[in-house]
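# Observations on the model geometry
The chain contents come next:
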Amino acid sequence: MSNCKVIYASILRQCTPKPPQELNQPSGLARCGRRHFGLALLMICVILAVSACSPSLLSLRVNPVNLPTDPTTVNQSITVTGRLFYNDLRQYGHFDWRRDKNDSAGTQQDYAAGHRVNYLALRDATVLIYEIDKAPFGPSGCLETEAMGSTTVAEDGHFTWSGTLSDSCSIEEDAQNVSLAVKISLSFCDGAHTRCISVRDPGSTDDAVETNTFSRWHGQASRANPRLVSGDGVINLTDDEFEAQAAGTVTDLDAQAANVFASLVDVTRAFHVNDTVPFLYDEYGDVYVVFPTLRSTVASTYSEQRIDISAPGSGGGTQTPSQWINGNGPMHEYGHIIQLRAFDGNGNHVNYNFDNNDSWSISSKEFPQTAFTEGWANFVSRATLEDVPNSATTDYFGCSGDFDTGDIYGSSTTAPSNDGHWYPGNVTKALCDWFDSSRDPLDGTGDHWAASSLHSMWLNLDGMYANATTQQRNAGLDFCHWVDDYLYIRKAGDPAYLDSIRDLIENNGISCGFAVHFTVLTNNASATAKATRAQMKKEVAILNDFFVSESRDKIVSFTFKSTSLYADIQNSSCDLVQMSNDGQAYDSDEWEAAIDACSDPNVVDPQAINFFIYDNYAGGYSDITSRGRLNSYHPYVLIDWERLDHTTQSPEEHEMGHAFGLNHVCHPTATGATSTNIMATGGDYPDANGNTVDCPGSGGLRDSGFNPSQVDIIVTNALCIKEELDTGTNPC
């Protein structure tokens, strides 16, 4: 009976329920306190007791070796190796960043072209190493799956993990060995959080946060059939593929998800590994793609963390693909992630309902902030795929090639226009020209500029939001905000950059200069004959040619916006129209008040520099004095019609200088033939003490450009003028 008591006590020790905090194992004797084990335990106890105490029942005795009271740990020092692949049937991807099963550089073999097999390395996927216990119940050392470590799949598909595989579950049938399982996960996150990405399966329910990452057990070492390890050494697993059905089966969500992961790897490598664009993990966490989404029939970005990709083809929204994922969608949507994170997690107030059309394309006209948002996302995809040829046509999916030299969207010519940046395709082209080093002369001297890196371009993206006002952010930021921030804030108006950037954007049908609205105020027949719409466009060209520094560098640029001829505004209720023809001498305060009070946009455009053509009256109409005023950063110029076409003393750039806040300067010995500063005068000017005095010299030719201090004033006021014209307010 003493043996019976010992055995019975041993069983009780194994079966005594543990405190709740220790009941954390999926199986084993830790659960034997539950009701469904009670009867089994009682029977075992009876059998053991009887067999120990009754010699006549020795044949029923259970060997107590199978129920140890003190678990032991088995350790095996091993190295696990193998190769993992996926069937890449995308149209868009950096296939050459992976090797195939023959260790050759990957190539495009897309599903749409009829291909069904293209096994490439499952690069950057995470390989998880587990120790498996298959005991029905056991002590605390028994775990159904116990994580031992992880590693990452390399460019050629290889993975290697070295470590100690430990097993503390000593009641298994083969307790002297350990069982190995390998799980492949479509996820990656390095210790430095350079990038943390995954593809997640939403299942049948759309959750606010999806957590189920796509994963598969290795065919030679799964949870159901683990690999038995009997000693130290190397375990070489055979090649395995991330797919659940036959190669090329379009409804295989595992295989399609691996293609989504490949695109996510491509774009994050391009921006965060091969370049230094910050991932901003500490601020926003990881990025995951939900596939196939239940939320929408189209790809969408819902936050700075979450991208949703629908089942490709007619299966969008049903989770049943009818086509293969083409690869571009995840990269495009990741472009939105980059922008959201650069914009402090905020959107760009996009509106897809321009002209009552709720869809967009690269060639459709959109609101400018929408065009920038989608144009940027397309750029991210193209920058990722730079130098990747389409094996079928040799056209490039990146920024170079046919895309870079194609037609301008929204125009039948290559000439720049004020609304060129309202077309997503033009924005992408301009960003590509900003990024690449190829020169593509579509207009004028063409593109002769290249950014130093993608990180440099990200600094523009980050800066345009950081430096924007609340009003600008609420209205949405567009490509011209990108340009202005770079030129006037990041480069502080350095003239060395102005020509190159102006040529670049105009090469893509975009003009980001100050919009100029022309109004002909005079009813003088000779004036109206000269002040034509064609002449107004010429006036803009004159400004762009001569509003320059002493070194002939452009400081700001101007774009033609619109013209109102006298016949268009003669019946306007604005007093300004009547004042222009009433034979009264000019009074600067009265005119400025009349301009500010005019609410007729055909006469005074609130979102443009207003260029008025008038007939100056000073006891008669023969006087040709012209004028310009900053006017609280809503500037205007008044040019006497006889001085149009860059006649006497450079009137356009001189008066526009006043409009940008410049005063007169004096050249005391100048004559009418002397080369002088643009702001030179033979009349009143402020001296060094701020007193208004008369200059003894002539204004001269006004042909030597603006000096450095004048350039600084223009650049400083340019930002305030931009703000005023964009939002109606300014912080200056």
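### Some details on the overall build of the chain
A tally of regular secondary structure across the chain gives 19 helices and 24 strands. The buried share of the chain, taken over its 732 residues, is 52%. Put simply, of all contacts in the chain between residues at least 6 apart along the chain, 69% involve residues at least 24 apart. A total of about 30,400 Å² of accessible surface is found on the chain, and carbon and sulfur atoms cover 48% of it.

### Digging into helix H14 (residues 533-546)
If you check H14, its first and last C-alpha atoms are 20 Å apart, about what 14 residues at 1.5 Å a residue would give, namely 20 Å. All buried positions along H14 are accounted for by Gln535, Met536, Glu539, Val540, Ile542, Leu543 and Asn544. Tucked into the core, H14 has its buried residues touching helix H12 (495-506), strand S16 (514-520), helix H13 (525-530), strand S17 (558-564), strand S18 (609-614) and helix H18 (651-659).

### Observations concerning the confidence of the model for the chain
In this model, the chain carries an average pLDDT of 86, and 85% of its residues clear a pLDDT of 70 or more. Counting contacts from residues 1-70, a segment whose pLDDT is below 50, to residues more than four positions away or on other chains yields 60 contacts.

### Concerning the packing of aromatic side chains
The tally for this structure, following the rule as stated, stands at 24 aromatic pairs. Here Trp376 and Trp482 contribute two aromatic rings whose centre-to-centre distance is 5.9 Å and whose plane-to-plane angle is 45°, an arrangement assigned as tilted. With a gap of 106 residues between them, Trp376 in helix H6 (residues 368-384) and Trp482 in helix H11 (residues 479-490) connect regions that are remote in the sequence. Judged by relative accessible area, which is 1%, Trp376 ranks as buried. A relative accessible area of 0% means that Trp482 is categorised as buried. Across the ring face of Tyr111, the terminal group of Arg116 is positioned such that the distance to the ring centre comes to 3.6 Å. One cation-aromatic arrangement involves Arg341 over Phe279; the distance from NZ or CZ to the ring centre is 4.8 Å.

### Topic: the state of the cysteines
Taken as a whole and assessed by the stated rule, the structure comprises seven disulfides. One disulfide in the model links Cys480 with Cys512; its S-S distance is 2.0 Å. Between Cys480 and Cys512, the S-S torsion sits near -80°, and that sign places the bridge as left-handed. Of this pair, Cys480 sits in helix H11 while Cys512 sits in the loop between H12 and S16, and the two are 32 residues apart along the sequence. Cys512 matches Cys480 in its accessibility class, with the two residues each being buried.

### Examining the pairing of strand S3 (residues 126-132)
Within S3, six of the seven residues are buried, leaving the element largely enclosed by the surrounding structure. In this structure, S3 lies alongside strand S4 (residues 145-152), joined through seven bridges in antiparallel fashion. Residue pairing in the sheet places Glu131 in a bridge with Glu146 of S4. In this sheet, strand S6 (residues 178-185) lies alongside S3 in antiparallel orientation, the contact comprising six bridges. Note that in S6 the partner of Thr126 across the bridge is Ser185.

### Overview of the side chain of Gln256
Residue position: Gln256 is located in helix H3 (residues 253-273). What Gln256 contacts, discounting residues up to four positions off in sequence, is Val250, Phe291, Pro312, Pro321, Gln323, Trp324 and Ile325.

### Topic: the pattern of salt bridges
One pass over the full model with this rule turns up 21 salt bridges. A salt bridge links Asp266 to Arg90, with the nearest nitrogen and oxygen atoms 3.1 Å apart. In this pair, Asp266 sits in helix H3 while Arg90 sits in the loop between strand S1 (74-87) and strand S2 (119-121), placing the two residues 176 residues apart along the sequence. The same class applies to Asp266 and to Arg90, which are both buried.

### A short note on the packing of H6 against helix H8 (residues 424-435)
Between H6 and H8, whose axes approach to 8 Å, the crossing angle comes to 45°. Between H6 and H8, the angle is such that the two are oblique. Relative to H8, the crossing made by H6 is right-handed. In this structure, H6 contributes Ala371, Phe372, Glu374, Gly375, Trp376, Asn378, Phe379, Arg382 and Ala383 to the contact, and H8 contributes Pro424, Val427, Thr428, Leu431, Cys432 and Phe435. Looking at the contact of H6 with H8 residue by residue, the classes come out as ten nonpolar, three polar and two charged.

### Focus: the pairing of S16
Most of S16 sits out of view: seven of its seven residues are buried. The alternating pattern of S16 places Phe514, Val516, Phe518 and Val520 and Ala515, His517 and Thr519 on opposite faces, both of which are buried. For S16 and S17, the ladder comprises six bridges, and the chain directions are parallel. Residue pairing in the sheet places Thr519 in a bridge with Ser564 of S17. In this structure, S16 lies alongside S18, joined through five bridges in parallel fashion. Across the sheet, residue Phe518 finds its bridge partner in S18, namely Phe611.

### Re the sheet that holds strand S15 (residues 306-308)
Two orientations exist for strands paired in a sheet by backbone hydrogen bonds: parallel and antiparallel. An order of S7-S8-S13-S15-S14 is seen for the five strands of this open sheet, with the pairing classed as mixed. With one partner strand each, in any of the chains shown, strand S7 (187-189) and strand S14 (300-301) form the two edges of the open sheet. By the bridge criterion, three bridges tie strand S13 (residues 287-290) to S15 in an arrangement that is parallel. Across the sheet, residue Tyr288 finds its bridge partner in S15, namely Arg306. Here H3 sits on the sheet in contact with S7, strand S8 (196-200) and S13, set at roughly 160° to S8.

### Observations regarding H18
Of all nine residues in H18, nine are buried; the element is thus mostly enclosed. Listed as buried for H18 are Pro651, Glu652, Glu653, His654, Glu655, Met656, Gly657, His658 and Ala659. Immediately beyond the C-terminal end of H18, within one or two residues, lies Gly661, with a positive phi of roughly 95°.

### Details of the side chain of Ser580
Looking at where Ser580 falls in the secondary structure, it is placed in the loop between helix H16 (575-579) and helix H17 (588-597). Using a relative accessible area of 6% as the deciding quantity, one classes Ser580 as buried. Ignoring any residue separated from it by four or fewer positions in sequence, one finds Ser580 in contact with Leu521 and Trp591.

### Digging into the sheet that holds S18
Sheet architecture is open: five strands sit in the order S17-S16-S18-S20-S19, paired in mixed fashion. The sheet is open, and its two borders are formed by S17 and strand S19 (627-629), each paired with just one other strand. The sheet shows a mean angle of 20° between the axes of neighbouring strands, direction not considered. As paired strands, S19 and strand S20 (residues 636-640) are joined by three bridges and run antiparallel to one another.

### Considering the nonpolar core
Among the nonpolar cores identified, the biggest contains 154 residues, and Phe379, Phe479, Trp482, Phe558 and Phe660 are the most heavily contacted of them. With eleven residues, H3 is the largest single contributor of residues to this core.

What counts, and at which threshold
- Residues numbered from 1 in each chain as written.
- Predicted model: local features only at pLDDT ≥ 70, side-chain atom pairs only at ≥ 80, totals over all residues.
- Heavy atoms only, no water.
- Helix = DSSP H or I, 4+ residues; strand = E, 2+ residues; numbered from the N terminus.
- Buried < 20%, exposed > 50% of the residue type's maximum accessible area, 1.4 Å probe, protein only.
- Contact = heavy atoms within 4.5 Å.
- Areas by Shrake-Rupley, 256 points an atom, 1.4 Å probe, with all protein chains shown as cover.
- Expected span 1.5 Å × (residues − 1).
- pLDDT = per-residue confidence, 0-100.
- Phe/Tyr/Trp six-rings, centres within 6.5 Å; stacked < 30°, edge-to-face > 60°.
- Lys NZ or Arg CZ within 6 Å of the ring centre and 35° of its normal.
- Disulfide = S-S within 2.5 Å.
- Pairing = 2+ DSSP bridges.
- Salt bridge = Lys/Arg side-chain N within 4 Å of Asp/Glu carboxyl O.
- Axes fitted to C-alpha atoms, helices over the stretch in contact; angles between N-to-C directions.
- Parallel < 35°, antiparallel > 145°, perpendicular 65-115°, else oblique.
- Left-handed = near helix turned anticlockwise from the far one by under 90°.
- Nonpolar A, V, L, I, M, F, W, Y, C, P; charged D, E, K, R; others polar.
- Core = buried A, V, L, I, M, F, W, Y, C linked by side-chain atoms within 4.5 Å.

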